[in-house]
There are 6 protein chains.
Amino acid sequence: MNRIDGRRADQLRPVFLERHFQMHPAGSAIIEVGNTKVICAATVEDKVPPFLKGTGTGWITAEYSMLPGSTMPRSIRDRGGKINGRNTEIQRLIGRALRSVTDLTKIGERTITIDCDVLQADGGTRTASITGAFVALVEACNTIYEEGNIFPVTDFVAAISAGISPSGEKILDLNYSEDYETLADCNVVKTGAGEFVEIQITGEKKSFSRADLNDILDLAEKGIDELFDIQKDALKELVWRVGQIS
Amino acid sequence: MNRIDGRRADQLRPVFLERHFQMHPAGSAIIEVGNTKVICAATVEDKVPPFLKGTGTGWITAEYSMLPGSTMPRSIRDRGGKINGRNTEIQRLIGRALRSVTDLTKIGERTITIDCDVLQADGGTRTASITGAFVALVEACNTIYEEGNIFPVTDFVAAISAGISPSGEKILDLNYSEDYETLADCNVVKTGAGEFVEIQITGEKKSFSRADLNDILDLAEKGIDELFDIQKDALKELVWRVGQIS
Amino acid sequence: MNRIDGRRADQLRPVFLERHFQMHPAGSAIIEVGNTKVICAATVEDKVPPFLKGTGTGWITAEYSMLPGSTMPRSIRDRGGKINGRNTEIQRLIGRALRSVTDLTKIGERTITIDCDVLQADGGTRTASITGAFVALVEACNTIYEEGNIFPVTDFVAAISAGISPSGEKILDLNYSEDYETLADCNVVKTGAGEFVEIQITGEKKSFSRADLNDILDLAEKGIDELFDIQKDALKELVWRVGQIS
Amino acid sequence: MNRIDGRRADQLRPVFLERHFQMHPAGSAIIEVGNTKVICAATVEDKVPPFLKGTGTGWITAEYSMLPGSTMPRSIRDRGGKINGRNTEIQRLIGRALRSVTDLTKIGERTITIDCDVLQADGGTRTASITGAFVALVEACNTIYEEGNIFPVTDFVAAISAGISPSGEKILDLNYSEDYETLADCNVVKTGAGEFVEIQITGEKKSFSRADLNDILDLAEKGIDELFDIQKDALKELVWRVGQIS
Amino acid sequence: MNRIDGRRADQLRPVFLERHFQMHPAGSAIIEVGNTKVICAATVEDKVPPFLKGTGTGWITAEYSMLPGSTMPRSIRDRGGKINGRNTEIQRLIGRALRSVTDLTKIGERTITIDCDVLQADGGTRTASITGAFVALVEACNTIYEEGNIFPVTDFVAAISAGISPSGEKILDLNYSEDYETLADCNVVKTGAGEFVEIQITGEKKSFSRADLNDILDLAEKGIDELFDIQKDALKELVWRVGQIS
Amino acid sequence: MNRIDGRRADQLRPVFLERHFQMHPAGSAIIEVGNTKVICAATVEDKVPPFLKGTGTGWITAEYSMLPGSTMPRSIRDRGGKINGRNTEIQRLIGRALRSVTDLTKIGERTITIDCDVLQADGGTRTASITGAFVALVEACNTIYEEGNIFPVTDFVAAISAGISPSGEKILDLNYSEDYETLADCNVVKTGAGEFVEIQITGEKKSFSRADLNDILDLAEKGIDELFDIQKDALKELVWRVGQIS
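Residues numbered from 1 in each chain as written. Chains lettered and ligands numbered in written order. Predicted model: local features only at pLDDT ≥ 70, side-chain atom pairs only at ≥ 80, totals over all residues. Heavy atoms only, no water.

## Details of helix α2 (residues 125-144) of chain F
When the terminal C-alpha atoms of α2(F) are compared, their 28 Å separation across 20 residues agrees well with the 28 Å that a helix rising 1.5 Å per residue should span. Of all 20 residues in α2(F), 18 are buried, a share of seventy percent or more. (Helix = DSSP H or I, 4+ residues; strand = E, 2+ residues; numbered from the N terminus. Expected span 1.5 Å × (residues − 1). Buried < 20%, exposed > 50% of the residue type's maximum accessible area, 1.4 Å probe, protein only.)

## What about the relation of the copies chain C and chain B?
Least-squares fitting of chain C to chain B yields an RMSD of 0.0 Å, with the superposition described by an axial translation of 0.0 Å and a rotation of 180 degrees. In the structure described here, the two chain copies are related by an operation that fits a two-fold rotation axis. Comparing interface residues between copies, 100% of those in chain C also sit at the interface in chain B, which points to an isologous, same-surface contact. (Least-squares fit on C-alpha atoms with pLDDT ≥ 70 in both. Contact = heavy atoms within 4.5 Å.)

## A word on the packing of helix α1 (residues 85-99) of chain A against helix α2 (residues 125-144) of chain A
All names here are of chain A. Where α1 contacts α2, the axes come no closer than 10 Å and their chain directions differ by 40 degrees. Classed by the angle they form, the pair α1 and α2 counts as oblique. Along this stretch, α1 crosses α2, giving a crossing that reads as right-handed. Here R86, E89, I90, L93, I94, A97 and L98 of α1 lie close against α2, whose contacting residues are T125, R126, S129, I130, A133, F134 and L137. For the contact of α1 with α2, the class distribution of residues is nine nonpolar, two polar and three charged. (Axes fitted to C-alpha atoms, helices over the stretch in contact; angles between N-to-C directions. Parallel < 35°, antiparallel > 145°, perpendicular 65-115°, else oblique. Left-handed = near helix turned anticlockwise from the far one by under 90°. Nonpolar A, V, L, I, M, F, W, Y, C, P; charged D, E, K, R; others polar.)

## Re the pattern of salt bridges
Per the counting criterion, the structure on display carries 168 salt bridges over all chains. For K190(A), the salt bridge is made with D225(A), and the minimal N-O distance between the two is 3.0 Å. With a gap of 35 residues between them, K190(A) in strand β8 (residues 184-191) and D225(A) in helix α4 (residues 210-235) connect regions that are remote in the sequence. Between E226(C) and K222(C) there is a salt bridge, with the nearest N and O atoms lying 2.6 Å from each other. Of the two residues, E226(C) and K222(C) are both situated in helix α4 (residues 210-235); the distance of four residues between them amounts to about one turn of the helix. (Salt bridge = Lys/Arg side-chain N within 4 Å of Asp/Glu carboxyl O.)

## Re the interface of chain C and chain B
Contacts between the two partners involve 35 residues from chain C and, on the opposite side, 35 residues from chain B. Applying the counting criterion to the chain C and chain B interface returns ten salt bridges. Two residues, R74(C) and D115(B), come together in a salt bridge whose shortest N-O distance is 2.6 Å. At the junction of chain C and chain B, the tally comes to 16 residue pairs in polar contact (both at pLDDT 80 or more). Only β3 (36-45), β4 (59-66), α1 (85-99) and β5 (111-120) of chain C provide two or more residues apiece to the side of chain C that touches chain B. Counting residues per element, the side of chain C that touches chain B draws most heavily on β5(C), which supplies six residues. In terms of residue class, the side of chain C that touches chain B is made up of twelve nonpolar, 14 polar and nine charged. (Polar contact = N/O pair within 3.5 Å; in protein donor to acceptor, adjacent residues only side chain to side chain.)

## Considering the sheet that holds strand β2 (residues 27-33) of chain F
Adjacent strands of a sheet form backbone hydrogen bonds with each other and so pair up, either parallel or antiparallel. Residues and elements named next belong to chain F. Strand order in the open sheet formed by five strands is β1-β2-β3-β5-β4, and the pairing between neighbours is mixed. With partners counted over all chains shown, the strands left at the sheet margins are β1 (15-19) and β4 (59-66), one partner each. The mean angle between the axes of side-by-side strands here comes to 15 degrees, regardless of whether they run parallel or antiparallel. For strand β3 (residues 36-45) and strand β5 (residues 111-120), the ladder comprises nine bridges, and the chain directions are antiparallel. Paired with A41 across the bridge in β5 is D115. Across the sheet, α2 lies against β1, β2, β3, β4 and β5, angled at about 30 degrees from β3, the strand it touches most. (Pairing = 2+ DSSP bridges.)

## So, the arrangement of the chains
Note that chain A does not reach chain D: the shortest distance linking a C-alpha of one to a C-alpha of the other is 8 Å. Separated throughout, chain B and chain E approach each other most closely at a C-alpha pair spaced 8 Å apart.

## Points about the environment of T202(D)
By the secondary structure assignment, T202(D) is in strand β9 (residues 196-202). T202(D) sits in the buried class, given a relative accessible area of 16%. Sequence separation between T202(D) and R110(D) is 92 residues; the distance between their C-alpha atoms is 35 Å. Of note is the side chain of T202(D), whose polar atom sits 2.9 Å from the side chain of E198(C).

## Side note on the side chain of Q120(A)
The residue Q120(A) is located in strand β5 (residues 111-120) in this model. Of the polar contacts made by the side chain of Q120(A), one reaches the backbone nitrogen of M23(F); its length is 2.6 Å. Contacts of Q120(A), omitting those with residues within four sequence positions, involve N35(A), T36(A), K37(A), S70(A), F21(F), Q22(F), M23(F) and H24(F).

## Looking at unusual backbone geometry
Omega for the peptide link from M72(D) to P73(D) comes to 0 degrees, which places this bond in the cis form. If you trace the backbone, P73(D) turns up in the loop between β4 (59-66) and α1 (85-99). With a phi close to 60 degrees, D173(A) is a non-glycine residue in the positive phi region. Checked against the element boundaries, D173(A) lands in the loop between β7 (170-172) and α3 (176-181). At H20(E), a residue that is not glycine, the phi angle is positive and equals roughly 60 degrees. Within the secondary structure layout, H20(E) lies in the loop between β1 (15-19) and β2 (27-33). Note on H20(E): relative accessible area 47%, which makes it partly exposed.

This is the structure:
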């Protein structure tokens with residue numbers, strides 16, 4: 001099979017991931033996966049949702065949005081009360097992924113808001129958001145970390161997509177044109193310890209078997225392992241904070 | 001292990017499913033899965049979204065909502081521009097599940113709107129919605145079906161949840177209290193042909209392995225096979241319409 | 001005159017009214033008046049509107065909504081900031097009716113929210129809502145009642161519609177097709193003590209005289225007296241709570 | 001009994017009503033009833049709601065709002081999606097009242113929008129709105145009227161409030177402080193032919209008898225008859241248009 | 001050059017300005033500039049925005065809106081979440097103008113809300129709003145002023161428009177038809193001390209030179225000086241409060 | 001005087017301006033002015049607002065927004081019907097500036113939407129938006145330009161801020177900390193031909209004289225002339241399109 005950009009079936013697009021892209025937030029990162037580009041910002045505020053008040057425990061929430069010029073045709077802004085269901089679904093996924101590797105009791109009664117804003121979309125924006133947001137989260141946690149404590153982020157987490165091409169081949173890291181024609185679309189979130197925190201697989205065009213699922217997960221696991229290395233490079237001197245016990 | 005309601009790990013709650021619960025919509029059903037009760041209505045309108053105009057093809061969309069009194073504490077209504085992310089996510093899932101077994105070119109330029117309104121919630125409302133909505137969909141398609149044509153609904157589809165209990169056992173069809181404490185929560189949608197159309201599994205409290213996933217899918221497949229029989233009983237004389245070729 | 005469903009001019013449709021339809025709210029009821037079906041839930045919360053804080057007095061508020069599949073054509077949901085004037089008007093009416101028979105100082109600083117959700121509409125949904133909500137209210141008040149006190153609900157209250165048919169005859173309890181063509185439409189709310197708490201009569205198609213008004217009120221009074229008996233049957237062991245002095 | 005402003009029980013406050021208060025709308029009026037002041041504008045547009053397209057028939061709709069400075073404390077504007085139930089209820093009442101004396105087939109496929117904006121509120125703003133809006137409506141209909149036709153406005157219509165004072169006396173045209181403490185509050189809309197188009201009576205503080213109702217209606221009828229004379233004075237040369245057959 | 005209403009290039013329209021137009025707000029005024037009519041109300045509330053809590057300092061904010069009947073065609077109301085950018089822009093301008101002549105530390109932790117509601121629009125509504133709102137502000141400040149203190153309003157402020165006619169002449173106080181065809185539109189806000197607080201000049205149809213700007217400012221300064229006299233007449237016994245030191 | 005970043009009073013911050021930052025929109029640019037960074041996208045759509053239908057003339061509109069992480073504290077998104085007055089005001093300014101140098105009859109019945117999204121804010125975001133959006137606009141117009149025609153963009157346009165420092169000195173291109181404490185804040189938009197299209201100057205903290213205004217305009221003119229050179233460098237081979245007659 002030939003992929004449109006010449007990649008092998010199990011090959012990631014080139015990934016660029018850099019810390020501290022914005023000067024104001026406690027943590028930030030830019031991630032580029034091929035032509036997909038996402039800014040991830042992590043802001044720390046001294047407040048928590050009502051259900052956590054007085055518990056000493058914090059919260060992580062995420063917002064996801066696409067710049068109007070990030071897509072063709074132009075994306076309409078979320079203004080004036082219009083509900084964008086896809087955005088809502090994605091930001092809930094990002095929040096769950098990051099909370100799964102964070103000990104919320106270790107951030108105190110604070111809320112960390114993760115903003116993922118897509119500058120350019122070419123498939124895989126939700127998984128790129130998770131992978132990049134992890135770096136912003138570590139950077140933000142470092143600003144509130146006090147030596148001698150347990151670091152709030154307990155493990156790595158990253159995400160990638162995989163799917164089934166029209167010819168039936170399983171492929172990793174779908175770009176937009178591949179995603180548009182895929183028979184089944186799968187998003188996988190995995191921790192550094194090698195376990196899953198989320199698998200979402202949809203076969204709207206064609207149903208899929210248990211064997212298909214396993215092939216796809218094999219691909220995704222391989223891709224995520226490569227992303228962990230890229231996250232470690234981006235984190236630089238903060239890398240050993242992740243999972244730091246004291 | 002003892003489940004709170006005495007069920008075996010692989011046992012569904014009692015299911016009640018009945019056609020034509022409401023007199024106005026083209027199709028409707030009520031489904032009860034234990035204490036969870038959902039009304040499913042299928043309305044047919046002679047219009048399609050802009051991207052389908054002039055194509056001769058129709059669309060299926062879903063709306064999901066909980067009556068305020070269906071939960072404890074009371075659910076606040078979706079009024080005045082407030083966005084309920086969970087509702088949005090669920091209604092997108094219901095729409096995808098039903099479209100996966102419908103040949104949209106066979107319903108003409110019509111939109112079938114599936115309304116799933118939860119009367120009482122005790123876990124599993126989204127999967128009950130899919131299972132019940134399927135029956136309403138068949139009933140609605142029958143009102144626009146002309147003899148000699150291919151019936152738009154090409155196969156059965158049903159859904160169930162499964163998960164991992166705090167003690168590590170895999171259990172089928174979680175009620176609210178089980179869902180609240182589950183380590184991993186999985187929703188599975190499967191067709192009559194035995195393939196999957198959607199798997200969503202989240203391990204927010206604890207990550208899970210490939211082996212865990214396979215155990216959970218085994219349970220879910222068993223449960224969904226039982227639901228197909230219940231759907232067939234509810235459909236009565238319409239049962240043979242599903243997948244009818246001419 | 002022949003009514004479309006064969007009723008006499010002064011005859012109610014069959015009424016079914018049952019307590020405790022939902023398991024979560026403090027009080028709940030389902031009422032069916034012919035094909036009209038409404039779920040009424042009464043939720044008790046330990047908070048009051050700002051103007052009652054510190055007064056020791058509580059509040060009763062109501063919300064009214066129609067399930068999308070309850071009508072033909074489908075009712076659009078109150079989402080995304082759209083204002084439905086009719087719903088607003090009806091829920092204010094329900095709130096006033098219930099407050100008129102409740103001693104708000106006897107429920108403490110609590111708010112009882114009455115949710116009336118129409119499952120199926122065939123005329124008279126607002127009066128059915130009041131009649132059913134009364135039962136849910138009594139049930140809810142009973143959960144916060146302490147023996148030896150005065151019961152907050154001081155009297156019965158029920159409601160019915162009446163109107164003028166195109167042929168000029170006065171008729172009781174209009175169904176949808178009668179309501180659609182009525183010359184004057186009247187909703188009456190009356191207490192067990194035999195006095196009115198609300199009369200709303202509109203003659204949009206044709207104005208009406210004082211004599212017409214009196215005929216209509218005669219019919220409505222007869223109908224409401226029958227509804228009181230049905231409420232008493234539904235309340236069962238709680239019936240003597242209403243108006244209980246100590 | 002002594003009323004706070006020295007009026008007799010059956011006495012209206014001083015009423016000032018003047019045509020053509022604004023230069024842009026097809027019809028407009030200002031009405032002052034004591035300290036209550038309302039601007040009424042009637043705009044004609046060449047469009048109708050969907051259900052009237054192609055029928056040759058027009059529509060009358062109303063909007064009601066209070067200027068922020070019209071009340072104490074300040075009224076918050078209807079902005080940003082907040083729903084004001086009272087405003088919605090009142091504007092529906094105004095629309096029904098005006099439609100009851102208009103032959104909508106005689107205005108062609110046009111919509112007349114009646115805007116009632118309260119400059120100052122001291123009780124009775126909804127009834128003043130109806131009484132003033134009638135004058136604006138006649139003025140607007142005159143701008144689209146062609147000689148030889150039947151005039152769209154077929155009769156006069158006006159409205160007033162009446163109620164029961166804490167001491168039990170029936171009183172006409174309640175100002176704000178009287179309205180605040182009234183036991184029962186009644187709004188009556190009557191045509192020039194002497195019949196009613198709307199009666200709304202609420203006894204939230206205390207229920208009322210059939211005899212109370214009749215006393216209140218007697219008062220209201222007397223007050224409305226006086227308002228007809230004031231409308232005729234304000235209409236000047238347009239007065240004979242109302243009910244003009246050819 | 002002949003102006004449509006016969007004015008000289010440097011001539012204001014007739015101005016009518018009167019205090020205490022509404023009975024409820026602490027301060028109010030009506031201003032008429034030719035056919036433009038605006039009601040200005042100033043309400044005092046014992047609260048401040050979050051950033052001022054505990055500082056002892058107050059705030060002035062403004063809201064601007066047009067009655068639907070104030071324009072041709074009818075202005076649509078700001079309801080249901082629709083954003084009117086022009087209104088927002090104008091109310092921010094009004095707020096800045098009034099704050100520039102108010103010592104906010106002298107009003108204590110209070111918010112003065114200025115409501116400018118346009119009854120009739122014929123050009124210059126934003127500048128008329130500022131000129132009229134100043135009078136309402138002084139009246140409102142007087143209700144909270146205690147003898148012996150420094151009066152919060154430290155100087156006069158008024159505003160006027162000027163522009164360039166299609167023939168290139170500079171003209172003062174544009175009415176709607178002049179504003180519609182002006183090449184450049186300028187709004188100027190000036191204090192009693194003779195300095196500017198805001199200049200906004202736009203040349204959407206044609207750009208303008210520094211010399212044009214100076215000519216326009218000359219006209220505006222002359223017009224505003226005349227408005228100061230009109231404000232002083234309207235303020236009557238309150239005139240000496242402005243800038244009162246003790 | 002010493003500026004916080006060591007600049008001379010009449011010195012711009014370093015400016016970086018590059019074309020084609022995003023791959024999807026017809027035109028796009030990124031502009032950095034010191035730490036302020038804005039993405040400008042220009043999208044072309046084959047539709048016009050209602051008032052232009054059938055005229056053969058097009059429209060330019062702008063939207064302006066700040067990424068949540070662009071500021072400290074975090075900017076809240078414009079979701080769910082909240083109105084951000086500042087954003088609305090700025091996007092109207094951007095639209096006017098670009099329309100002033102565009103012959104809208106030369107773009108046909110198309111709308112060009114300019115999206116200015118602030119990645120990082122450090123003062124001067126609105127003027128940077130105009131300067132950068134101009135480059136995106138030229139790029140977008142080039143995609144619809146046919147040789148031999150008149151190019152729609154007729155002249156250069158750029159913008160800068162200037163103000164008065166607390167010590168009274170006039171300074172060019174204020175960064176955030178300078179803007180925060182400036183006595184008067186001026187935004188100037190000028191064309192390549194040397195005339196102004198917009199001047200907005202506000203003296204909220206202190207009023208200003210005509211002489212102050214002239215000093216500030218001198219600074220702004222110098223700064224904008226430098227920006228024209230930067231725009232020309234960024235436009236590269238498109239530079240001669242601007243003002244091209246055939």
